[in-house]
Amino acid sequence: MKVAAFSEFGGPEVLRTMEVETPRAGGGQVRVRVRAAGVQPFDVAVRQGWTPPGVSGGLPRVPGNEFAGVVDQVGAGVTGFAPGDEVLGFDLLGCYAEYVVVPAENVTPKPAGMSWEVAGGFTAGTQTAHIALEQLGAGEGDTLLVHAAAGAVGTAAVQLARSRGAVVIGTARQENHDYLRSLGAVPVAYGEGLEERVRAAAPGGVDAVLDGAGGEALDVSLRLVEPDRIVTLVEHGRAAGLGVQTTRGVRLASRLAELAELHVRGALAWHVRRAYPLERAAEAHREVEARHGRGKVVLTVS
């Protein structure tokens, strides 16, 4: 089968299209013919040399930890799925591929009203946002500050927090402010004076922060709320020393199913910015690294 993989760590140019042996589903597993796979900052970090906890083995390595496709093989003991079923799901790595083999508990049926491109890049951002909001407990009457609010996690967090009754202030580039307003957030620009702009937008104070930007945004957040009321998605190295939270939950097919249903009901908008064929994975990584624009970047596989 065809994969996008790398044999050395480095920039986007190390990603190559390779041929590897097609895996087979074992007991409790399903094999999925991938239609689309999401591209994330997580994948960029893996390509640059970071090894996620629980990953073993050497190179070459295939990035990608979210996908959508069609079940084409079911292992012994699997119930509830059959060849031909359309699904979306997740794994730790290996999703930039024509086929993935995952535990059956890692997939959920794809709603008929969800496009392949949306489904392929839906899992990580929406589940991460949901997990972070559960940790923060942001809800009715709270004011939540979301940094990098126009990104994938931010897009989901704004909408999920608004549905819980929270007021949301979102930091983003100026060109994304109308987008944030459409999601229900109060937009605030990055840069000098950020703290003052946030205080002006939230005269009653900020109750919790979801930090998807790090750096200055996290420093400002620490002057607005207590450290344990912050979840950072990017500053893992600083978090423990500052007393800031990182996400602790795990992805679940049941959670994913609920979020997918919200999407098809029109309660959770999800924007795919660009789709690249698998052979252009390096270009997709460059776009994700640039962090411009809003929405998700995905790879189309078949």
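Everything discussed here concerns the structure shown above.
Residues numbered from 1 in each chain as written. Predicted model: local features only at pLDDT ≥ 70, side-chain atom pairs only at ≥ 80, totals over all residues. Heavy atoms only, no water.

### A few points about the overall build of the chain
To keep things clear, this is the line we draw: Strands are runs of DSSP state E lasting at least two residues, helices are runs of H or I lasting at least four, and both sets are numbered from the N terminus onward. In this setup the radius of gyration rests on C-alpha atoms only. A globule is expected at 2.2 Å times the number of residues raised to 0.38. When a residue's accessible area, from a 1.4 Å probe over protein chains only, is under 20% of the maximum for its type it is buried; when over 50% it is exposed; and in between it is partly exposed. The contact definition used throughout considers only heavy atoms, calling two residues in contact when any of these lie within 4.5 Å. A 1.4 Å probe and the Shrake-Rupley method give the accessible areas. Residues count as covered only by the protein chains that appear here. Residues counted as positive are Lys and Arg, residues counted as negative are Asp and Glu, and His and the chain ends are not counted. Charge coordinates come from a single atom per side chain, which is NZ of Lys, CZ of Arg, CG of Asp or CD of Glu.
Helix and strand counts for the chain stand at 10 helices and 14 strands. Taken against the 2.2 N^0.38 rule, which gives 19 Å for 302 residues, the C-alpha radius of gyration of the chain at 19 Å falls within 12% of a compact globule. The C-alpha extent of the chain, read off along each of the three principal axes, is 60 × 40 × 35 Å. Burial status across the chain gives 54% buried among its 302 residues. Counting only contacts in the chain whose residues sit at least 6 apart along the sequence, the fraction spanning at least 24 positions is 66%. Approximately 12500 Å² of the chain is accessible, and the part contributed by carbon and sulfur atoms is 49%. Each charge class in the chain was averaged separately, 29 positive and 34 negative side chains, and the resulting centres sit 2 Å apart.

### Looking at the packing of aromatic side chains
Under the convention used in this document: Pairs were defined over the aromatic rings of Phe, Tyr and Trp, the Trp ring being its six-membered one, requiring ring centres within 6.5 Å. Orientation was assigned from the angle between planes: stacked under 30 degrees, edge-to-face over 60, tilted for the rest. Counting as a charge over the ring demands two things of the Lys NZ or Arg CZ atom: a distance within 6 Å of the ring centre and an angle within 35 degrees of the ring normal.
Taken as a whole, this structure holds three aromatic pairs when the rule is applied. Centroid distance Phe122 to Trp270: 5.6 Å. Interplanar angle 75°. Geometry classified as edge-to-face. With Phe122 in the loop between α2 (116-120) and α3 (123-136) and Trp270 in the loop between α9 (253-264) and β13 (272-277), this residue pair connects regions lying 148 residues apart in the sequence. Residue Phe122 shares its accessibility class with Trp270, and that shared class is buried. Directly above the aromatic system of Tyr99 lies the positively charged group of Arg31, at a separation of 4.9 Å from the ring centroid. It is Lys110 that lies over the ring of Trp116; its NZ or CZ is 4.7 Å from the centre.

### A few points about helix α10 (residues 281-290)
Residues three or four positions apart in an α-helix share a direction because the helix packs 3.6 residues into each turn. Those residues of α10 that sit buried are Ala281, Ala282, Ala284, His285, Glu287 and Val288. Contacts made by the buried residues of α10 are with β1 (2-6), β2 (15-19), β3 (29-39), α1 (41-48), β13 and β14 (296-300). Where α10 terminates, the next one or two residues include Arg291, which has phi positive at roughly 55°.

### Digging into helix α6 (residues 194-201)
Under the convention used in this document: Of all possible arcs, the one meant is that of the directions from the helix axis to the C-beta atoms.
Taken together, the buried positions of α6 are Leu194, Glu195 and Val198. Mapping the buried residues of α6 onto a view down its axis gives an arc of 100°, with all of them on the same face. Structural note: α6 exposes Glu196 and Ala200 on the side pointing more than 90 degrees away from its buried face. Turning to α6, the residues buried within the fold contact β8 (143-147), β9 (167-172), β10 (186-189) and α7 (216-222).

### A look at the side chain of Thr143
For Thr143, the position within the fold is in strand β8. With sequence-adjacent residues up to four places away left out, Thr143 is seen in contact with Val167, Ile169, Ala202, Gly205, Val206, Asp207 and Ala208.

### Quick look at the environment of Gly94
Tracing the sequence through the fold places Gly94 in the loop between β5 (86-90) and β6 (99-103). Distance in space between the C-alpha atoms of Gly94 and Val62 is 4.7 Å, their sequence separation being 32 residues. If we skip the residues at most four places from it in the chain, Gly94 touches Val62, Pro63, Gly64 and Val100.

### Quick look at the environment of Arg47
Stated precisely, the cut-off is as follows: Whenever a nitrogen or oxygen atom comes within 3.5 Å of another N or O atom, the pair is scored as a polar contact, on the condition that within protein one atom can donate a hydrogen and the other can accept it, and that pairs from neighbouring residues in sequence are kept only if both atoms are in side chains.
Relative to the elements of secondary structure, Arg47 occurs in helix α1. With a relative accessible area of 0%, Arg47 lands in the buried category. Residues Arg47 and Glu226 lie 179 residues apart in sequence; the distance between their C-alpha atoms is 34 Å. A polar atom in the side chain of Arg47 sits 2.9 Å from the backbone oxygen of Gly10.

### Brief notes about the nonpolar core
Basically, it comes down to this: As used in this record, nonpolar core signifies buried Ala, Val, Leu, Ile, Met, Phe, Trp, Tyr and Cys residues forming a set joined through side-chain atoms within 4.5 Å.
Counting 41 residues, the largest nonpolar core has Leu88, Met114, Phe122, Leu144, Leu180 and Leu210 as its most contacted members. Considering every element that reaches this core, the biggest residue donor is helix α4 (residues 152-163), with seven residues. The contact partners of Leu210, leaving out residues within four places of it in the chain, are Ala132, Leu136, Leu144, Leu145, Val146, His147, Val153, Ala157, Val231 and Leu233.

### So, the sheet that holds β9
The condition is simple: By the convention used here, strands pair only if DSSP detects at least 2 bridges between them. Axes here mean lines fitted to C-alpha atoms, for a helix over just the part in contact, with angles spanning 0 to 180 degrees between N-to-C directions.
Here five strands make up an open sheet; going across it, the order is β10-β9-β8-β11-β12 and the pairing parallel. Looking at strand neighbours, the two that pair on one side only are β10 and β12 (230-232), the edges of this open sheet. Neighbour-to-neighbour, the strand axes of the sheet open up by a mean angle of 15°, direction not taken into account. The pairing of β8 with strand β11 (residues 208-211) spans four bridges and is classified as parallel. Opposite Leu144, over in β11, you have Ala208 as the bridge partner. Across the sheet, α4 touches β8, β9 and β11, and the angle it forms with β9 is around 165°.

### Considering the pattern of salt bridges
Selection rule: Note on definitions: salt bridges are taken to be side-chain nitrogens of Lys or Arg within 4 Å of carboxyl oxygens of Asp or Glu.
This model, assessed by the stated rule, comprises 15 salt bridges. The closest approach of N and O atoms between Glu98 and Arg33, which form a salt bridge, is 3.7 Å. Residue Glu98 is located in the loop between β5 and β6, and its partner Arg33 is located in strand β3; the two are separated by 65 residues in the primary sequence. One salt-bridge network, in which partners are shared between bridges, spans Glu195, Arg199 and Arg223.

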